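# Understanding the architecture of this molecule
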Amino acid sequence: MATDSPDRERQQTVATADPCIENDHELLRVREQVPGREPTAYDIELTEGPPYSYTTTYWRCRRCGQERNHRDEFREPCTVERRPHPVTDGGYSIEAPRTRRALSEAMEVRFGEQGARYIVESATGSTYEVDLAAEQCTCPDARHRDPQGGCKHLRRVDIEVRTGTVPAPDGRFLR
């Protein structure tokens, strides 16, 4: 005998592709498997049977969290400001190999002695000094090639300052 348990969990599937923009809302489409029967216009339930579930689809704003059944129901502009993204707002492209390595390789970033200087220790044990204000690094890539946008160490320090992992040059954490 099947019993209807009110504690059954809802299963959500959120579309992770680029969000749709509607009145400055960053909208994600959500599909949710909901326990129970789909709501109807009738007050009484005429059928008996095993526990049911149905699928519903709605839209949710990534920034403010509002939910609506249809995209065009977001008529008022979003009131929450867009948060800066540490990679793209820093002028870096995620497709750039140095940016990918800056994000994926194991590196330890520490606040340096004075000003905008940071110490970066790579997974290989090499230690480099990064001057964020001057956009300089002591690594061979920065000295010999001088890549546009900086080496992976400079990018890593900049991204960690933007995310608030290490303090900014003035000693404060950005959030």
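These remarks concern the structure in this document. (Residues numbered from 1 in each chain as written. Predicted model: local features only at pLDDT ≥ 70, side-chain atom pairs only at ≥ 80, totals over all residues. Heavy atoms only, no water.)

### Brief notes about the state of the cysteines
Evaluated as defined, the whole model comprises zero disulfides. Cys139 takes part in no disulfide bond, and the closest cysteine sulfur, belonging to Cys151, lies 3.6 Å away. Judged by relative accessible area, Cys139 falls into the buried class, the value being 2%. (Disulfide = S-S within 2.5 Å. Buried < 20%, exposed > 50% of the residue type's maximum accessible area, 1.4 Å probe, protein only.)

### Topic: the packing of aromatic side chains
Going through the model one piece at a time under the given rule, you end up with one aromatic pair. Between the aromatic rings of Phe111 and Tyr118, the centroid separation amounts to 5.4 Å while the plane-to-plane angle is 70 degrees, which identifies the pairing as edge-to-face. Overall, the relative accessible area of 35% leaves Phe111 in the partly exposed class. A cation sits over an aromatic face here: Arg68 above Phe74, 5.4 Å from the ring centre. (Phe/Tyr/Trp six-rings, centres within 6.5 Å; stacked < 30°, edge-to-face > 60°. Lys NZ or Arg CZ within 6 Å of the ring centre and 35° of its normal.)

### With respect to the side chain of Thr99
By the element assignment, Thr99 lies in helix α1 (residues 97-104). Here the side chain of Thr99 touches Ser93 through a polar contact of 3.3 Å, landing on its backbone oxygen. (Helix = DSSP H or I, 4+ residues; strand = E, 2+ residues; numbered from the N terminus. Polar contact = N/O pair within 3.5 Å; in protein donor to acceptor, adjacent residues only side chain to side chain.)

### Concerning helix α3 (residues 152-163)
Taking 1.5 Å as the rise per residue, α3 with 12 residues should run 16 Å; its terminal C-alpha atoms sit 16 Å apart, in good agreement. A large share of α3 lies buried, amounting to 10 of its 12 residues. When α3 is considered as a whole, its buried residues turn out to be Lys152, His153, Leu154, Arg155, Arg156, Val157, Asp158, Ile159, Glu160 and Val161. In this fold, the buried residues of α3 make contact with α1, β6 (107-111), β7 (117-122), β8 (127-131) and β9 (136-137). Gly164 sits one or two residues past α3 and shows a positive phi near 85 degrees. (Expected span 1.5 Å × (residues − 1). Contact = heavy atoms within 4.5 Å.)

### Brief notes about the nonpolar core
Membership of the largest hydrophobic core comes to 17 residues, with the highest contact counts inside it found for Tyr118, Leu132, Cys137, Val157 and Val161. Within the residue set of this core, elements represented by two or more residues are β6, β7, β8 and α3. Listed in part, the five residues of the second largest apolar core include Leu27, Trp59, Phe74 and Cys78. (Core = buried A, V, L, I, M, F, W, Y, C linked by side-chain atoms within 4.5 Å.)

### Section: the environment of Val166
Tracing the backbone through its elements, the reader meets Val166 in the segment after α3. Val166 sits in the buried class, given a relative accessible area of 5%. If sequence neighbours within four positions are ignored, Val166 has contacts with Val109, Tyr118, Glu160, Val161 and Phe173.

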